[in-house]
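Analysis of the macromolecular model
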Amino acid sequence: MVQKIVDSLNQLERTVLPIIKNNTAFEELLEKSHLQEVELQRALQWLENKKLISGALQTNELLELDENGKKYRKGGLPEKKFLQTIKNDSLTYDQLIKKSKLEKQEISACIGLLKQKAAIQVTKEKEPLFTITTAGKALLLKNSLEEELLQEHYPLNVKDLKPEQQFAYENLIKRKNMLKTIIQKKRSYTLTSLGKKATQTKLSSKNIINSLTSKELKSGSWKNKKFRRYDVTINVPAIHGGKRHFVNQATEYIKKIWIEMGFVEMTGDLVQSAFWNLDTLFVPQDHPARAMQDSFYIKNPKKAKLPEWHKKIKEVHENGADTGSSGWGTPWSSEIASENMLRTHTTVLSSQFLRKIHDGEYTMPAKFFSVNKVFRNEALDWKHLFEFNQVEGIVVDPNGNLEQLKGYLAEFFGKMGFKKIRMKPAHFPYTEPSVEVEGYNEIKKEWVELTGAGIFRPEMTKPLLGVEVPVLAWGIGMERVIMEYFNIVDIRDLYYNDLKQLREMKIFNK
Amino acid sequence: MPTITLNRKVFEKLVGSKLSEEKLVDRITYLGASVEEITADEIKLEIEPNRPDWLSEQGFARAFSSFIGKKTGLKNYKIIPSGQKLTLERSLQGIREHTACAIVKGLTFDGEKIRELIQIQEKLHVSFGRNRKRVAIGIYPLEHITMPITFKALEPKKIKFQPLEHSRELDANQILAQHPAGREYAHLLEGLKKYPLFVDAKNKVLSMPPIINSHDTGKISTSTKEVFIECSGHHFESLSQALNILVTTMAEMGGQVYSMTLYYPGGKKVTTPNLKPTEQKVDINYINKLLGLQLTEAQTKKLLERMGFGYNNKKAQVPAYRADVLHMVDLAEDIAIAYGYENFDEIIPNVATLAQEDGFEVFKKRVANLLAGLGFIETNTFCITSKHKQTKKTNTKLELVELANSFSADYDVLRAWMLPSLLDVLEHNKSRELPHKIFETNYCFKKNTKTETGVEEFQRLAVLISDHNADYTKIRQVLDYLLNALSLKAEMIEAEHPTFIPGRVARASVNNKKIAYIGEVNPQTLNNYELDSPVAALELNMTELYQILQKAL
């Protein structure tokens, strides 16, 4: 036990420990150790932490001579002068002042004091006359206790005063500017019993390796030496390394879940025509979602070219074409469709990948996903971002159905930490049936909204694919799903890019 | 999404049973509305925009009582011909071509009923009516009107009447400029030479749709027993649907619905309202396949009836107040709702598909991991930024892709390059301990007439070091390390760039493609960002670098 501790002592500690005895003062240690004050302080702190020494704080009350004290130490106390002056003759007040050279104040103080000791007698005819008494004469023969105290070596420790000095101190401290006390704090250190045992071992640092040098390594001299033991339980200063952004970490995890389920990643443009973003999704052209206040439109370049087959979309909107639908029954405008906008959902990518199946780039059954940026024309606040991420997924399978939709989402959200999900009716313009999916939050014991989902309407799938196939689809707001994990309440904190936050942020560890 | 407030007592009376609050919320939710708030007197609901027929106590109670099995099946509403006429004049062409009208009699209005009527009219206006653009609704006490009615368009100066809740007569232009409703909806008549107008046989103005009713003829009171209703707009089907929702609601209030005959210019005659159910084909196999169920015909019939449909011989009768049934899938959803969304299983089918991550995304991730390994922190900034930040603040001139309707000048363009976004990050982190070593790969935009949208998108990487001793060497080491890891080598070319210090900026060229700028950031730029330490930075076109790598493979 002791040896283990001794092994962990560094050079400083080894220097200080042997010179500590009983109540050794810090100043003494400073003198004897030849260390810098800071070094000594740290060494003592470490030794105390190891319970080898114990430190004590002593508070001393020290006496110093004050202004008058210093004066009277040289010239004697005024009462003595007073008595000396009237030793032979009785004197009047004026005569006394003249002869004694005492201040008026001093004289009045002396009168009181000497009367008390019966050392003078005051008679009064025309004016007061001061006469020394026998007791007064006796006083002149020897030094008073107060005078003796004034002659001591200062500073004096109040604790160390002898009883007669104590008496004199109590008298003098009452008098003006005679003595002053100073509170002095002194640290001293004492070996503990463990420390005593430690000093009995070899404390020389000769054969101790503090930091291993390449010289020691090469020569093999380390073999005869001991490594200083570390306190491996101690706290160390924090460091910060390079790191991926925590939202991107979550994005990668989410991507991995879909990859594991056999999904192909979709990517595509952020600037899209309303045609791709809305019209291919069978969103009617007078739908409120098209309004300026909901989406960002592009000022320049304002319009996009439409693909040649856009007439199919026109027909579906106007009369349902060959989809079995009645369509919206209102005229469809290619002008409105060609407006450029920032995509409001990654469902636009689903539309484009359905078309890629039509064009032979992919074959059915097919599963696609994307985790990427979408935009809504909203001012920033704690609940809203104008730029955020959507987790999009579609399953293009002739045998796909609503139960499978729930199955895929249960699998995904299970991996996101929601063991239970449920479906509720909902409405989206391009899915039928439409579903709102909620997950059970085990900690809060409540159902929380997770995503909208559904099966794409034939009015969307048939013109894009050329055939009617159920397409299971979902579009999950990613930020909401991950905010809870990172303990973030204000959505803006996800993209605030505060380096302190980024440095200290936990990793996405699902 | 529209919200409506239902009088709970009225609702419960209409439903014909009183459910516990828990059960009530549960059933409303699984029918497809969300309960916002429920008290002893009121139920506040959020209604999906596809169900305008639910925007009243009567409409929602009709669906609800059927859903819980109280009064299922198709509901028939009787229409009595009123023999009254409405003539549409040719002047309406290009102005507001259509209307659908009805008369409802036998109503008793109290304060509550008037509130209900105003609520459905307003909610229909906002949602289904697209703020009166698609459908504008007028309801008038019949006693003030002399039949027949004419719907026509007149020049604004010729239109004069006292608008609702106004003290005196105004002409149409004054109404648009002075009346609150006029100001709110004036944009709907913008650019028109004539404005639409309903007048009665005595040439008394009923209303100027879609703006305002006349004060004389357009106000319902507690003494009103009979009303004339018109819906006007450009698309007859929508007007007919809105009218059907209104008259069936009023029939549920106890009114009798009377039809009117519309005379179009050219002799076409139409009678409204038409409450005859439409038919929608029911293919049980199709529905079972879509939902993953094995319903029999009898079960399907029952489920359809729970949603207020009729069923007969593989056809569903769709009630005339339903505006959302375009296709068989719409029936499928209602069948699923009647079956209970809570009753569906979770299945993952055994279908093999090959997963594939996007190649560029994988590349981007690898580069990010390399940079993180060098001690850099990845940031995540927005694509939407300000023109000022993209150009002036970095002393550059760029042609940017601009937004048409940004909510703020701080976010009015799509960025063309990453460096300003990351300098922005440094600016926000001035109080944070140095060094600041950050990077990000993200979307950038420029105009390109060759693409479909006229915009070209690519991703750029920026790497920044801000430290007391940040310099060209330190950032160059990062570039060399990166390219070396990708088995590439850059040729460095002396360059000029206004954001960097002259003589301390280079272009990096890989396989004869200039892919990056690298150097020490100009102190003027640092001043603009109020930065106190030197910054060394590189900006690299990742899309291009990826293409170079693809070619090399």
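Since the structure is predicted, the reported quantities are computational estimates derived from the model, not experimental observations.

**Considerations on the overall build of chain B**
Along the backbone of chain B there are 16 helices and 28 strands. Here the C-alpha radius of gyration of chain B, 33 Å, is well above what a compact globule of 553 residues would show, namely 24 Å. Taken along the three principal axes of its C-alpha coordinates, chain B extends 90 × 65 × 50 Å. The burial tally for chain B puts 58% of its 553 residues in the buried class. In chain B, of all internal contacts separated by at least 6 residues, the share reaching a separation of at least 24 is 70%. In the structure as shown, chain B presents an accessible area of about 23900 Å², 46% of it carried by carbon and sulfur atoms. Looking at chain B, you have 71 positive and 68 negative side-chain charges, and the mean spots of the two groups are 6 Å apart.

**A few points about the interface of chain A and chain B**
Every contact between the two is made by 100 residues of chain A and, on the other side, 84 residues of chain B. Here chain A and chain B share an interface that buries about 7900 Å² over both sides, 56% of which is from carbon and sulfur atoms. Ranking the residues of chain A by area buried against chain B places Glu403(A), Pro425(A) and Leu499(A) at the top, with a combined share of 9%. The interface formed by chain A and chain B includes seven salt bridges. Here Lys299(A) ties to Glu402(B) by a salt bridge, and the two come within 3.5 Å at their closest N and O atoms. Applying the counting criterion to the chain A and chain B interface returns 52 residue pairs in polar contact (both at pLDDT 80 or more). For the side of chain A that touches chain B, the leading source of residues is helix H19 (residues 402–415) of chain A, giving eight residues.

**Focus on the state of the cysteines**
Here, the word disulfide means a covalent bond between the sulfur atoms of two cysteines. Residues and elements named next belong to chain B. Within the structure shown, the criterion is met by zero disulfides over all chains. Left unpaired, Cys101 is separated from the closest cysteine sulfur, that of Cys231, by 7.8 Å. In this structure Cys101 comes out as buried when scored by relative accessible area, which is 0%. A relative accessible area of 0% places Cys231 in the buried class.

**Brief notes about the nonpolar core**
If you look at the biggest cluster of nonpolar residues, it comprises 170 residues, and the most contacted ones within it are Phe412(A), Phe413(A), Met416(A), Trp474(A), Phe60(B) and Leu464(B). In contact with Leu464(B), other than residues within four places in its own chain, are Phe376(B), Leu419(B), Leu422(B), Leu423(B), Leu426(B), His436(B), Lys437(B), Ile438(B), Val535(B), Ala536(B) and Ala537(B). The next biggest cluster of nonpolar side chains, apart from the first, holds 33 residues, and it includes Leu371(B), Ala508(B), Ala536(B) and Leu549(B).

**A look at the sheet that holds strand E20 (residues 384–385) of chain B**
If you trace the four strands from one edge of the open sheet to the other, you get E12(A)-E21(B)-E22(B)-E20(B), paired in antiparallel fashion. Because the sheet does not close on itself, it has two edges, and the strands there are strand E12 (298–300) of chain A together with E20 of chain B. Of the strand pairs in this sheet, E20(B) and strand E22 (residues 413–414) of chain B are connected by two bridges, and their pairing is antiparallel. Its bridge partner lying in E22(B), Thr385(B) is registered against Val413(B).

**Some details on the domain arrangement of chain A**
Interfaces are often described in size by the accessible area the parts lose on coming together. We note that the domain assignment places domain 1 (2–58 + 185–227), domain 2 (65–181) and domain 3 (247–271 + 343–504) within chain A. The C-alpha centroid of domain 3 of chain A is placed 63 Å from the C-alpha centroid of domain 1 of chain A.

**Concerning the environment of Thr396(B)**
All names here are of chain B. Locating Thr396 in the fold gives a position in the loop between helix H12 (387–390) and strand E21 (401–403). The class of Thr396 is buried, set by a relative accessible area of 10%. Through-space distance from the C-alpha of Thr396 to that of Pro498 is 6.2 Å; in sequence the pair is 102 residues apart. Contacts of Thr396, omitting those with residues within four sequence positions, involve Gln390, Thr391, Trp417, His497, Pro498 and Thr499. Among the polar contacts made by the side chain of Thr396, one reaches the main-chain carbonyl oxygen of Gln390 at a distance of 3.1 Å. In this structure the side chain of Thr396 is engaged in a polar contact, spanning 3.2 Å, whose partner is the side chain of Thr394.

**What to know about unusual backbone geometry**
Residues and elements named next belong to chain A. Cis geometry marks the peptide bond from Tyr154 to Pro155; its omega dihedral reads 0 degrees. With respect to the element layout, Pro155 can be found in the loop between helix H10 (145–150) and strand E6 (156–157). A cis amide bond links Glu432 to the next residue, Pro433, at an omega of 0 degrees. Secondary-structure assignment places Pro433 in strand E17 (residues 431–441). Despite not being glycine, Lys101 shows a phi value in the positive range, around 60 degrees. Mapped onto the secondary structure, Lys101 falls in the loop between helix H7 (93–100) and helix H8 (104–116). For Lys101, a relative accessible area of 71% gives the class exposed. Positive phi, normally seen in glycine, also occurs at Lys445, with a value near 55 degrees. Mapped onto the fold, Lys445 is located in the loop between E17 and strand E18 (446–456). Taking the relative accessible area as the measure of exposure, Lys445 reaches 56% and is therefore exposed.

**Structural notes on the domain arrangement of chain B**
Residue and element names in this part refer to chain B. According to the domain assignment, chain B contains domain 1 (3–67), domain 2 (79–272), domain 3 (278–340) and domain 4 (359–552). The distance between the C-alpha centroids of domain 2 and domain 3 comes to 35 Å. Taken together, the five residues of domain 2 in the interface contact four residues of domain 3. Where domain 2 abuts domain 3, roughly 350 Å² becomes buried across the two surfaces, and 65% of that area is made up of carbon and sulfur atoms. Considering only the surface of domain 2 that becomes buried against domain 3, Gln241, Asn244 and Ile245 emerge as the three largest contributors, covering 73% of it. Between domain 2 and domain 3 we count zero salt bridges in total. Our enumeration of links across domain 2 and domain 3 arrives at one residue pair in polar contact (both at pLDDT 80 or more).

**Quick notes on the packing of helix H6 (residues 78–85) of chain A against helix H9 (residues 134–141) of chain A**
Residues and elements named next belong to chain A. Orientation of H6 relative to H9, taken along the N-to-C sense of each, is 120 degrees, at an axis distance of 10 Å. In terms of orientation, H6 lies oblique with respect to H9. Here the hand of the crossing between H6 and H9 comes out left-handed. Counted together, Lys80, Leu83 and Gln84 of H6 and Gly136, Leu139 and Leu140 of H9 form the full contact between these two elements. Within the contact of H6 with H9, the residues separate by chemical class into three nonpolar, two polar and one charged.

**Points about the side chain of Glu392(A)**
All names here are of chain A. Considering the arrangement of structural elements, one finds Glu392 in strand E15 (residues 387–396). Although Glu392 is buried, it makes no salt bridge; Arg376 carries the closest opposite charge, 8.9 Å away. When neighbours within four sequence positions are excluded, Glu392 is seen to be in contact with Met266, Thr346, Thr347, Ser350, Phe368, Phe369, Ser370, Trp474 and Gly475.

**Some points on the packing of aromatic side chains**
Residues and elements named next belong to chain A. By the definition in use, this model includes 42 aromatic pairs over all chains. On the basis of an interplanar angle of 55 degrees and a centroid distance of 6.1 Å, the ring pair of Phe263 and Trp474 is categorised as tilted. Taken together, the residues span a long stretch of sequence, with Phe263 in the loop between helix H14 (246–260) and strand E10 (264–265) and Trp474 in strand E19 (residues 471–477) at a distance of 211 residues. On the basis of relative accessible area, Trp474 is assigned to the buried category, the value being 2%. Here the aromatic residues Trp258, Phe263, Tyr408, Phe412, Phe413, Phe418 and Trp474 are joined through ring pairs into a cluster of three or more. The lysine or arginine in question, Lys356, covers the ring of Phe353, its NZ or CZ lying 5.0 Å from the ring centre.

**So, the confidence of the model for chain B**
Considering every residue of chain B, the mean pLDDT works out to 95; 100% of them sit at 70 or more. Scoring of the predicted complex yields 0.83 for pTM and 0.93 for ipTM.

Conventions and cut-offs
- Residues numbered from 1 in each chain as written.
- Chains lettered and ligands numbered in written order.
- Predicted model: local features only at pLDDT ≥ 70, side-chain atom pairs only at ≥ 80, totals over all residues.
- Heavy atoms only, no water.
- Helix = DSSP H or I, 4+ residues; strand = E, 2+ residues; numbered from the N terminus.
- Rg over C-alpha atoms; globule rule 2.2 N^0.38 Å.
- Buried < 20%, exposed > 50% of the residue type's maximum accessible area, 1.4 Å probe, protein only.
- Contact = heavy atoms within 4.5 Å.
- Areas by Shrake-Rupley, 256 points an atom, 1.4 Å probe, with all protein chains shown as cover.
- Lys, Arg positive; Asp, Glu negative; His and termini not counted.
- Charge placed at Lys NZ, Arg CZ, Asp CG, Glu CD.
- Buried area = accessible area lost by both parts, 1.4 Å probe.
- Salt bridge = Lys/Arg side-chain N within 4 Å of Asp/Glu carboxyl O.
- Polar contact = N/O pair within 3.5 Å; in protein donor to acceptor, adjacent residues only side chain to side chain.
- Disulfide = S-S within 2.5 Å.
- Core = buried A, V, L, I, M, F, W, Y, C linked by side-chain atoms within 4.5 Å.
- Pairing = 2+ DSSP bridges.
- Domains from an automatic or database assignment.
- Axes fitted to C-alpha atoms, helices over the stretch in contact; angles between N-to-C directions.
- Parallel < 35°, antiparallel > 145°, perpendicular 65-115°, else oblique.
- Left-handed = near helix turned anticlockwise from the far one by under 90°.
- Nonpolar A, V, L, I, M, F, W, Y, C, P; charged D, E, K, R; others polar.
- Phe/Tyr/Trp six-rings, centres within 6.5 Å; stacked < 30°, edge-to-face > 60°.
- Lys NZ or Arg CZ within 6 Å of the ring centre and 35° of its normal.
- pLDDT = per-residue confidence, 0-100.

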